[in-house]
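Spelled out from the first residue to the last, the chains are:
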Amino acid sequence: MLSLILAAALTSAPVSTEITLAAQPAPLHGTLLAPENANAVAVILPGSGPTDRDGNSPMGVRGATYRLLAEGLAEQGIATVRIDKRGIAQSAAAGGDEAALRFTDYSTDARAWAAEAATRAGQPCAWLIGHSEGALVALKAVEGGDDKVCGLILLSGAGRPAGVVLREQLESGLPEPLKTQAFAALSELEAGRTVADTPPALAALFRPSVQPYLISWLPLDPAALIAAYDGPVFIGQGTTDIQVTTTDANALAAAAPKATLKLWDGVNHLLKTAPADRAANMATYANPDLPLAPGVVEDVAGFIKAHPRR
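Rules of the game
Residues numbered from 1 in each chain as written. Predicted model: local features only at pLDDT ≥ 70, side-chain atom pairs only at ≥ 80, totals over all residues. Heavy atoms only, no water. Helix = DSSP H or I, 4+ residues; strand = E, 2+ residues; numbered from the N terminus. Rg over C-alpha atoms; globule rule 2.2 N^0.38 Å. Buried < 20%, exposed > 50% of the residue type's maximum accessible area, 1.4 Å probe, protein only. Contact = heavy atoms within 4.5 Å. Areas by Shrake-Rupley, 256 points an atom, 1.4 Å probe, with all protein chains shown as cover. Lys, Arg positive; Asp, Glu negative; His and termini not counted. Charge placed at Lys NZ, Arg CZ, Asp CG, Glu CD. Arc of directions from axis to C-beta. 1 Å grid on protein atoms, 1.4 Å probe; cavity = no way out; pocket = protein on both sides within 12 Å on 5 of 7 lines; lining within 4 Å. Points joined across faces, edges and corners; volume = space filled by probe spheres on them. Nonpolar A, V, L, I, M, F, W, Y, C, P; charged D, E, K, R; others polar. Axes fitted to C-alpha atoms, helices over the stretch in contact; angles between N-to-C directions. Parallel < 35°, antiparallel > 145°, perpendicular 65-115°, else oblique. Left-handed = near helix turned anticlockwise from the far one by under 90°. Disulfide = S-S within 2.5 Å. Salt bridge = Lys/Arg side-chain N within 4 Å of Asp/Glu carboxyl O.

**Some thoughts on the overall build of the protein**
Turning to step 1, where the next piece is worked out: Per the secondary structure count, the protein includes 12 helices and eight strands.
Turning to step 2, where the next piece is worked out: Compactness check: the protein gives a C-alpha radius of gyration of 19 Å against a globular reference of 19 Å for 310 residues, within 12% of the reference.
Turning to step 3, where the next piece is worked out: Counting only C-alpha atoms and orienting by the principal axes, one finds that the protein spans roughly 70 × 45 × 35 Å.
Turning to step 4, where the next piece is worked out: Within the protein, buried positions represent 49% of all 310 residues.
Turning to step 5, where the next piece is worked out: In the protein, of all internal contacts separated by at least 6 residues, the share reaching a separation of at least 24 is 69%.
Turning to step 6, where the next piece is worked out: Summed over all atoms, the accessible surface of the protein reaches about 13,600 Å², with 57% contributed by carbon and sulfur.
Turning to step 7, where the next piece is worked out: Of note, the protein has its 23 positive side-chain charges centred 3 Å away from the centre of its 31 negative side-chain charges.

**Examining helix 12 (residues 296–305)**
Turning to step 1, where the next piece is worked out: Of the positions making up helix 12, those classed as buried are Val-296, Val-297, Val-300, Ala-301, Phe-303 and Ile-304. Along the long axis of helix 12, the arc covered by the buried residues comes to 160 degrees, so they all point the same way.

**Points about empty space enclosed by the protein**
Turning to step 1, where the next piece is worked out: Scanning all chains against the criterion turns up one cavity of 30 Å³ or more.
Turning to step 2, where the next piece is worked out: By volume, the largest cavity amounts to about 90 Å³.
Turning to step 3, where the next piece is worked out: As for the largest cavity, its lining consists of Leu-28, Leu-45, Pro-46, Ile-83, Asp-84, Lys-85, Arg-86, Tyr-106, Asp-109, Ala-110, Trp-113 and Val-137.
Turning to step 4, where the next piece is worked out: No other element matches the four residues that helix 3 (residues 103–121) contributes to the lining of the largest cavity.
Turning to step 5, where the next piece is worked out: In terms of residue class, the lining of the largest cavity is made up of eight nonpolar, no polar and four charged.

**Considerations on unusual backbone geometry**
Turning to step 1, where the next piece is worked out: Of note, the amide linkage connecting Gln-24 to Pro-25 takes the cis form, showing an omega dihedral of 5 degrees.
Turning to step 2, where the next piece is worked out: Mapped onto the elements, Pro-25 comes out in the loop between strand 1 (15–21) and strand 2 (28–34).
Turning to step 3, where the next piece is worked out: That bond from Glu-176 to Pro-177 is cis: its omega, 5 degrees, falls within 30 degrees of zero.
Turning to step 4, where the next piece is worked out: Mapped onto the elements, Pro-177 comes out in the loop between helix 5 (162–173) and helix 6 (178–190).

**Topic: the packing of helix 2 (residues 65–75) against helix 12**
Turning to step 1, where the next piece is worked out: Interaxial distance between helix 2 and helix 12 falls to 9 Å at its minimum, and their mutual angle equals 55 degrees. Between helix 2 and helix 12, the interaxial angle falls into the category oblique. When you trace helix 2 past helix 12, the crossing you get is right-handed. In this structure, helix 2 contributes Leu-69, Gly-72 and Leu-73 to the contact, and helix 12 contributes Val-297, Val-300 and Ala-301.

**Some remarks on the state of the cysteines**
Turning to step 1, where the next piece is worked out: Tallying each qualifying case throughout the model produces one disulfide.
Turning to step 2, where the next piece is worked out: One disulfide bridge connects Cys-125 with Cys-150, the sulfur atoms lying 2.0 Å from each other. Between Cys-125 and Cys-150, the S-S dihedral sits near 105 degrees, and the bridge is therefore right-handed. Taken together, the residues Cys-125 in the loop between helix 3 and strand 5 (126–131) and Cys-150 in strand 6 (residues 149–155) connect sequence positions 25 residues apart. Exposure class is identical for Cys-125 and Cys-150. Each is buried.

**Structural notes on the pattern of salt bridges**
Turning to step 1, where the next piece is worked out: Under the definition given, this model contains 13 salt bridges.
Turning to step 2, where the next piece is worked out: A salt bridge links Asp-248 to Arg-160; the nearest nitrogen and oxygen atoms lie 2.9 Å apart. Note that Asp-248 is positioned in helix 10 (residues 246–255) and Arg-160 in the loop between strand 6 and helix 5, a separation of 88 residues in sequence. A single burial state applies to Asp-248 and to Arg-160, both of which are buried.

Written as C-alpha cells, this is what we have:
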C-alpha cells in the first residue's frame, strides 16, 4: 500500500497554463495542458461557429469535447494547446470586423499556434488536430508545407466542398421557398458574388457581413488539399455523426491512400457514443459528463506515437 501511495505522489498531474499568441488586432488565447515528459504536442483546432477552446458554444453545445480530448491525450503523454479562435471567447477582441474575416485567417493562425506549441513543449513540431471545420483549417494550414507541423489528425471533417455538404443539410432542414432561395444564394457565393437580398429567416447563414468569409470558404476542396499533403494523416469519423458522414471520411481517404482511416461505430460528431436517432444523438451535445467514446483518444494517441519526429 505504501508503495502505491508513493507512486501516486511521484506521478505529477498535467500542468494547465493559460497562454497567448501575438496577433492583430489583438492577441489570441489558449490553454497548454502539458504532462510531465511529454513526447509530443498537438494544437486542437475548433469547428465552425462560436466554438471555444473546450468545444462548447453558446448555441447549446456543452459537451466539452476538446477539453476531454486534451485530458485524455495528456494521460497518454501528449501535450495539447486548445484555442479560442479569433473572434471567440477570450480571443473575441482579435475578431475585428466580421466583414474583413477570411478563411485563411484561421489557417494562418493555425500555423502560428503550431510553432508556438512546439516551442513551449520543447518539440520540433506540433500536430494539428482539426475537428469539424477545424479539419479544413488544418488542411489549408499545411498547403505548400510547414516544417512546424508534424502531421494532421482530422476528426469529423468534411471530405467535400462546403457547398455540397451545406446543400445536403439544408435539403432536409428547410421548407420551400426558403430552400430554393438558400441554394440560389449558395450558387452566387460560390461564384464569388455577394447576395443583396436574402430572407430574414436565412440571415444567420447569409448575413451581408459574413458573405465575404463564405466566398473565401466555399471554393475549398478538402480532397484536393489532402491529396497535395505528403505528411502523416489520421482520419477519424463516427458512424452516427448527423453532421458529417462516413461519405466524407471515405472521400478524404480515397484522395490520400497513405492516410490512416478509422471509423468509430456508434460515435457522433462530438466523438461520443450516441444512437442514430436525432433527438437522442443531440442530447449528448449538452452533456459534459459524458466521456469521449472508447477508442477515440487511444487511436489518436497511438497514431501520434507511431509517427515520432525528432
